[in-house]
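Secondary and tertiary structure notes
Each chain, letter by letter, is given below.
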Amino acid sequence: MTVSLPKCLQPLYEGINTQTYPEKDFPKPPPWLDPLLLTRGQNFAKEHFYALAYCDILSLIFLFSFKDSLDPLIFTGNSSCVFSAFNRYVSTASRVVSWYESDIFDPTSKAGKNLASVRQMHRHVIDRLKNAQAKEFAERTKIERPMARIAPFLKKDLDQMKGLDKQAHSVGTLPLNQWHSGITQFAFIGMAVMYPEKLGIGSHTEADLEALVHLWAVLGYMIGIEDKYNWCIDGLQKFRERGLALRRSCILPNLRNGDASWEHMSRCMGRGTGLYMPSVTFESLLLYLMFVLNAPMNNLWAVISWRHKILYCISKIMLTIVIYLPGAKEFFNHLTRMGLKVAQNANPDWLQRAKEKAMIYEENFKRVKHD
Ligand code: HEM
């Protein structure tokens, strides 16, 4: 299995048998920390928060397609319907912002508290999975009526693509292992680092991207990734090399195999995010992901409705053209933060409306499916 992976990924793949089980004690800073680079990384991340937030939600779509990646998420049930996904990803985004804005080594800061919570959540999930009987696990990880419709068209598109590995690599069956954790770490910034111009990062230098990669090397360490499995620890060039290899050998081949569970969880994420970022829909995200990854989308294009195609085109114009206008970056940051704030501090009326909208989405979807 390892042999067919590109050489640069093989040492990371060895982590498939080692669990990321964070200890209770809050970790000390890593010995290889470069404090100036870390601060530069945090400043760059704050300056391009809208782009990184967009990169994160796009990346979830490919992360969910990796074989064996979804079971822990479906098992906890925290993101397998539109409204729970909305809560889950608002919470994730606000934790990630805190890692860009405050001291990640101080356990009493917002960032420190969020790191400790995520470490605890990961421990808790592993313990629950360990204690689950096979029957309970099978029952809990089955989605009864998945919202799925367009996966076969994505497959048709990717079947036509040359140069992809035939075999799609799994994240492994050991929950939260180091290989899976490293791929997740990559996903938080990978596409923004590899294709900054497509994700609205117009103004950047190599040193900025180097700093962003260092920030995530430190965050990966603080989450519990061992140095030998840390995707970001060897700097920008290695990170890019690994990213390109992952695209060819895992990301696109796994998307080609995307099944009903993949589509369901991705739809929940897209629709949930759309509740506080109205320009986002699952379909527009999927088209944007294909654009960023430079993959064909003729068959998808033919089955996706104009509303989603227009939203995709608007996102593209915003992130590749409008972003260069004076003040645009600040405006997008403001909008993203505002959406997040509204969702975080939502009053019961707003939440009730969001819940109803989430229901309507599911009803609409059922109707479309049976037409
Ligand atoms: C660098 C790697 C990772 C980072 C930065 C990360 C980040 C996070 C964050 C921010 C949360 C909090 C979500 C919330 O507030 O509701 C969380 C929870 C969680 N994470 Fe991770 N994670 C990583 C790796 C993984 C991996 C590899 C898995 C395996 C599936 C995983 C599964 C979970 C689960 C199950 C939860 C609990 C919430 C839920 O049930 O959805 N994480 N993680």
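These notes cover the structure that comes with them. In this text the structure is predicted, and so the values were computed from the model without any measurement.

This part takes up the environment of Ile-310. Inspection of the secondary structure puts Ile-310 in helix α15 (residues 306-320). Ile-310 gets classed as exposed once you count the C-beta atoms within 10 Å, which come to 12. Between the C-alpha atom of Ile-310 and that of Asn-345, which follows or precedes it by 35 residues, the distance is 30 Å.

Before going further, it helps to examine helix α13 (residues 282-292). Of all the eleven residues making up α13, ten are buried; the element is thus mostly covered by neighbouring parts of the structure. Regarding α13, the residues found buried are Phe-282, Glu-283, Ser-284, Leu-285, Leu-286, Leu-287, Tyr-288, Leu-289, Met-290 and Val-292. In this structure, the buried residues of α13 make contact with α3 (49-65), α9 (178-194), α12 (260-274), α14 (298-303) and α15. Just downstream of α13, Asn-294 is the residue with a positive phi angle, here 55 degrees.

Another aspect to go through is the site of the ligand. Neighbouring the ligand are 20 residues, the closest being Thr-76, Asn-78, Ser-91, Thr-184 and Gln-185. Broken down by secondary-structure element, the contributors of at least two residues to the shell around the ligand are α4 (71-76), α5 (82-101), α6 (110-131), α9 and α10 (206-223). Here the residues of the shell around the ligand sort into seven nonpolar, eleven polar and two charged.

Membership of the largest hydrophobic core comes to 107 residues, with the highest contact counts inside it found for Leu-58, Leu-212 and Leu-289. Considering every element that reaches this core, the biggest residue donor is α3, with 14 residues. If we skip the residues at most four places from it in the chain, Leu-289 touches Leu-58, Ile-61 and Phe-62.

Reading guide: rules and limits
- Residues numbered from 1 in each chain as written.
- Predicted model: local features only at pLDDT ≥ 70, side-chain atom pairs only at ≥ 80, totals over all residues.
- Helix = DSSP H or I, 4+ residues; strand = E, 2+ residues; numbered from the N terminus.
- Buried ≥ 20, exposed ≤ 12 C-beta atoms within 10 Å, placed from the backbone.
- Contact = placed C-beta atoms within 7 Å.
- Near = placed C-beta within 6 Å.
- Nonpolar A, V, L, I, M, F, W, Y, C, P; charged D, E, K, R; others polar.
- Core = buried A, V, L, I, M, F, W, Y, C linked by C-beta atoms within 7 Å.

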